[in-house]
Amino acid sequence: VVAILDHDGDLAALERQFVSEVHGDLSFRRAGAEKLSHLTDLRRRLDAADLEPAAVARDAVLEDKRVVAKARKKVADRSIEGRAMTEAMRETPRVVLARRARYGHWGAFPSSPAPFYDRFRVAAEVKDLVTKGRTFKKIETLEARLHRLDGPRRSLPDRLALYRAFHTAGLELADRADDSYGVIGTMRNAAWHEYLAIDWAAVGMEPGAYWQDLCELVVWEQYGLGFREETVPFQRVPDDQADLVESILVDLEAEHRQAHLDYEADEALQQIAWLHVAAGRVERYQAVAARLGTDHWIPIVAMARSALEIVDRDEAARVFRAADRPGFHQGQLRKQCREMTGVELRDDRGSHLRVVE
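So, here's what we can say about the structure. (Residues numbered from 1 in each chain as written. Predicted model: local features only at pLDDT ≥ 70, side-chain atom pairs only at ≥ 80, totals over all residues. Heavy atoms only, no water.)

This part takes up the overall build of the protein chain. Per the secondary structure count, the protein chain includes 19 helices and zero strands. Each of the three principal axes of the protein chain carries a C-alpha extent, and together these read 70 × 70 × 40 Å. Residues classed as buried in the protein chain amount to 44% of the 357 residues present. Pairs at least 24 apart in sequence give 69% of the contacts found in the protein chain among residues at least 6 apart. (Helix = DSSP H or I, 4+ residues; strand = E, 2+ residues; numbered from the N terminus. Buried < 20%, exposed > 50% of the residue type's maximum accessible area, 1.4 Å probe, protein only. Contact = heavy atoms within 4.5 Å.)

Spelled out as structure tokens, the structure:
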């Protein structure tokens, strides 16, 4: 109804309205994403049935003022009641892709994490927000079960599955708990390091499956796991698998960008920088910096510092120069470049400004 009356029957125009909501005011974003997901599903079903919007919303409907008013209100609302949601509104790309990151690749593990996760569910899945006191009890339960299930007699495939299941259980608890003391983060960090140290190749897991799962985990990390340890997940990437891991991250960036999940898409791009910094692949830094630009300064500085240590100042300056384009941190990165390399980056068109010490 709204597409026909307000957008000349163009569902793509209505899509652009919802996309602007997703990228606009915070109060609109969730509902915008839910409506966009519904519209995507509607367009798919119309195409499958070879129908146009006018074939569904006929003249009698369009002439009913109550129906039109109700339709316009629903499309304009900043929130959608649960009872009014369609399945597509509940299963937005954010929901689907976040769930895939947590559970979606377990079938590729030689030993499935699912049975181990079932042992953790009593502590991880709760209906209401967990208070501080209950958080400590939940953590004690999780850690006790982990230590009871782990041990010298546990096979390597089972240990890989056990710690992978524990990672998702920790995420589920973090979703619902008050972690103002950081105890969940501390617990998750210790288990994360244990997981990354397990020799997944020795148990026969395919490299593509392992790296796909791990890359999605780091892209969807919401609670600061790995802060100041960004290279740790990639420190054991063999040189002959670096291109594979980079291609996975590039595909994730494109997939999430298409779904209008820009934060996760940007995170995937930043992970490419950490992948190459982990092994000092200086020859890849400039290409990665060019893709990142100046919106994310931390990986740019990390690559430049690595280039400075491995090669020289000129190489570090090339990293800064590759990233140098208008963006949120352009001024900060130019300052970092000057301080680290002595090189002054300026706009190509020239500038009458000069630095005064």
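Among the secondary structure elements, D213 is positioned in helix α13 (residues 207–219). Accessibility expressed as a relative area gives 0% for D213, which makes it buried. In terms of polar contacts, D213 uses its side chain to reach the side chain of R164, at 2.8 Å. Beyond its immediate chain neighbours, meaning those up to four positions away, D213 contacts A101, H105, F109, R164 and Y195. (Polar contact = N/O pair within 3.5 Å; in protein donor to acceptor, adjacent residues only side chain to side chain.)

As a further point, take unusual backbone geometry. For D50, which is not glycine, the phi torsion reads 55 degrees and is therefore positive. Assignment of secondary structure puts D50 in the loop between α3 (26–48) and α4 (53–56). The exposure class assigned to D50 is exposed, which follows from its relative accessible area of 71%. In this structure, H260 is a non-glycine residue whose phi angle is positive, near 65 degrees. Note that H260 resides in the loop between α14 (242–258) and α15 (262–279).

Bringing the pattern of salt bridges into the picture now. Inspection of every chain in the model, using the stated rule, returns 34 salt bridges. Across the pair R121 and D118 runs a salt bridge whose closest N-O atoms are separated by 3.7 Å. Residue R121 and its partner D118 are both found in helix α9 (residues 114–124); the two are separated by three residues, about one turn of the helix. What emerges from the salt-bridge pattern is a single network uniting E253, R257, D262, D266 and R291. (Salt bridge = Lys/Arg side-chain N within 4 Å of Asp/Glu carboxyl O.)

Their axes nearest at 9 Å, the elements α9 and helix α11 (residues 156–176) cross at an angle of 20 degrees. Here α9 is positioned roughly parallel relative to α11, judged by the angle of their axes. In this structure, the crossing between α9 and α11 has a hand that is right-handed. On α11, the residues that touch F116, Y117, F120, A123 and A124 of α9 are D158, A161, L162, A165, F166, T168, A169, E172, L173 and R176. (Axes fitted to C-alpha atoms, helices over the stretch in contact; angles between N-to-C directions. Parallel < 35°, antiparallel > 145°, perpendicular 65-115°, else oblique. Left-handed = near helix turned anticlockwise from the far one by under 90°.)

Aromatic rings considered in pairs are described by the distance between their centres and by the relative angle of their planes. Per the counting criterion, the structure on display carries nine aromatic pairs. Note on Y103 and Y117: the rings are 5.8 Å apart at their centroids and 80 degrees apart in plane angle, and the pair reads as edge-to-face. Linking Y103 in helix α8 (residues 93–103) with Y117 in helix α9, this pair joins segments that are 14 residues apart in sequence. Consider the rings of Y210 and W211, whose centres lie 4.9 Å apart with planes at 80 degrees: the pair is edge-to-face. Judged by relative accessible area, W211 falls into the buried class, the value being 1%. Members of the aromatic cluster, each reached through a chain of ring pairs, are W192, Y195, W200, Y210 and W211. (Phe/Tyr/Trp six-rings, centres within 6.5 Å; stacked < 30°, edge-to-face > 60°.)

With that settled, consider the nonpolar core. Among the nonpolar cores identified, the biggest contains 78 residues, and F120, F234, I300, M303 and F320 are the most heavily contacted of them. The greatest single-element share of this core, amounting to nine residues, is contributed by α11. Dropping the residues within four chain positions of it, F120 is found in contact with L142, R145, L146, L149, L162, A165, F166 and A169. (Core = buried A, V, L, I, M, F, W, Y, C linked by side-chain atoms within 4.5 Å.)

This part is about α14. Over its 17 residues, α14 runs 24 Å from end to end, which matches the ideal 24 Å to within 8%, given 1.5 Å per residue. As for α14, its buried residues are in contact with α8, α13, α15 and α16 (285–292). Positive phi appears at H260, one or two residues downstream of α14, with a value of about 65 degrees. (Expected span 1.5 Å × (residues − 1).)

One can describe the packing of α14 onto α15 by two numbers: an axis separation of 7 Å at closest approach and a directional angle of 165 degrees. Here α14 is positioned roughly antiparallel relative to α15, judged by the angle of their axes. Here α14 runs over α15; the crossing is left-handed. Only D262, E264, A265, D266, A268, L269, Q271, I272, L275 and H276 of α15 make contact with α14, whose side of the interface consists of A242, V245, E246, L249, V250, L252, E253, H256 and R257. Of the residues that constitute the contact of α14 with α15, the class distribution is 10 nonpolar, three polar and six charged. (Nonpolar A, V, L, I, M, F, W, Y, C, P; charged D, E, K, R; others polar.)

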